[in-house]
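Below, each chain spelled out in residue letters.
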Amino acid sequence: MGSAISELPSRPTPLADTAETGLKIVIVGGFGVGKTTLVRSVSDIRPLNTEEVMTEAGLGVDETNAVATKTTTTVAFDFGRISLNERMVLYLFGAPGQERFWFLWDRLFSGTLGAVVLVDTRRMDESWYAIDRLEHHKMPFVVAVNRFDDDRSRYSLEEVRQALALPGHVPLIDCDARARSSGKDVLITLVDHLHELAKTREMTA
Ligand SMILES: Nc1nc2c(ncn2[C@@H]2O[C@H](COP(=O)(O)OP(=O)(O)O)[C@@H](O)[C@H]2O)c(=O)[nH]1
Ligand SMILES: [Mg+2]
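Residues numbered from 1 in each chain as written. Chains lettered and ligands numbered in written order. Predicted model: local features only at pLDDT ≥ 70, side-chain atom pairs only at ≥ 80, totals over all residues. Heavy atoms only, no water.

Draft legend 1. Structural context of the nonpolar core. Grouped together as the largest cluster of nonpolar side chains are 24 residues, with contacts concentrated most on Ile25, Leu90, Leu92, Val116 and Leu187. Residue assignment for this core shows that the elements contributing at least two residues are strand 1 (21-29), helix 2 (35-42), strand 4 (88-94), strand 5 (114-119), strand 6 (141-146), strand 7 (172-175) and helix 6 (180-204). When residues no more than four places from it in sequence are discounted, the contact partners of valine 116 are Ile25, Val26, Ile27, Val28, Val142, Ala144, Val186, Leu187 and Leu190. Ranked by size, the runner-up nonpolar core spans 23 residues in total, among them Ala95, Val119, Leu134 and Phe141. (Core = buried A, V, L, I, M, F, W, Y, C linked by side-chain atoms within 4.5 Å. Buried < 20%, exposed > 50% of the residue type's maximum accessible area, 1.4 Å probe, protein only. Helix = DSSP H or I, 4+ residues; strand = E, 2+ residues; numbered from the N terminus. Contact = heavy atoms within 4.5 Å.)

Draft legend 2. Region of interest: unusual backbone geometry. If you check the backbone angles, lysine 138 has positive phi at about 50° while not being a glycine. With respect to the helices and strands, lysine 138 occurs in the loop between helix 4 (128-136) and strand 6. According to the relative accessible area criterion, lysine 138 is exposed, its value standing at 73%. Unlike most non-glycine residues, alanine 165 shows phi in positive territory, near 50°. As for its position among the elements, alanine 165 is in the loop between helix 5 (157-163) and strand 7.

Draft legend 3. Spotlight on the pattern of salt bridges. Under the defined criterion, the tally for this structure stands at 10 salt bridges. Among the salt bridges present, the one from aspartate 149 reaches arginine 178, with a minimum N-O distance of 3.4 Å. Linking aspartate 149 in the loop between strand 6 and helix 5 with arginine 178 in the loop between strand 7 and helix 6, this pair joins segments that are 29 residues apart in sequence. On the basis of relative accessible area, arginine 178 is assigned to the exposed category, the value being 52%. The salt bridge partner of glutamate 196 is lysine 199, with a shortest N-O separation of 3.4 Å. In this pair, glutamate 196 and lysine 199 are both assigned in helix 6, 3 residues apart and thus about one turn of the helix distant. In this structure lysine 199 comes out as partly exposed when scored by relative accessible area, which is 45%. Linked by salt bridges that have partners in common, Asp120, Arg122, Arg123, Glu126 and Asp150 make up one network. (Salt bridge = Lys/Arg side-chain N within 4 Å of Asp/Glu carboxyl O.)

Draft legend 4. Structural view of the pairing of strand 4. Across the 7 residues of strand 4, 6 count as buried, placing the element largely inside the fold. Taken together, the 7 bridges between strand 1 and strand 4 define a ladder with parallel strand orientation. Paired with lysine 24 across the strands is tyrosine 91, a residue of strand 4. (Pairing = 2+ DSSP bridges.)

Functional significance is not addressed by these values, which are geometric in nature.
Here is the structure:
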């Protein structure tokens, strides 16, 4: 499965008319953790997003202290698409991170097969809400640590697993949301995880 994805062309492509299966995936996580960046770097199409320059109205509302260089914010969601193979397509939805948009999340989860939780280890506590909502919806997910260059904390994956109280069966990986290959690896991990869960369900059915 992984090899099929890594052979994908890196340039924008039209959707093949052989495409039959579309899987909806959501990307969640705190504000400024790299959700928009991830959708942009992996999408085969020019991602649709509603990124807007933060206005003065957002000052004091959007917490930008920890993300000083961030000058745009996703006001609704990001949308991208990646073809896994000729028949299977992933539709990616990046959820808006700020608390005042959380009410959108539950609706965004409708029809979703699985999720990616992006984590910034400098602000681990902001991952709680995403994990809590996913567990509430019984939505399968993987956790990807987006390593920022200026992150001096260097928590190991094991330390992140403990800090977030992630059960052993939840896949946890490192990523660089800016790199297409790294972003694709995250999606492959999620699809593999969904396959494993489906197999387990078949065996116990
Ligand atoms: N150094 C570094 N910067 C990143 C990385 N991922 C995202 N960024 C930057 O961090 C900022 C926030 O990313 P964004 O994707 O908008 O976050 P979102 O709020 O989760 O959608 C942007 O300026 C990105 O360019 C990363 O892996 N490393
Ligand atoms: Mg965003």
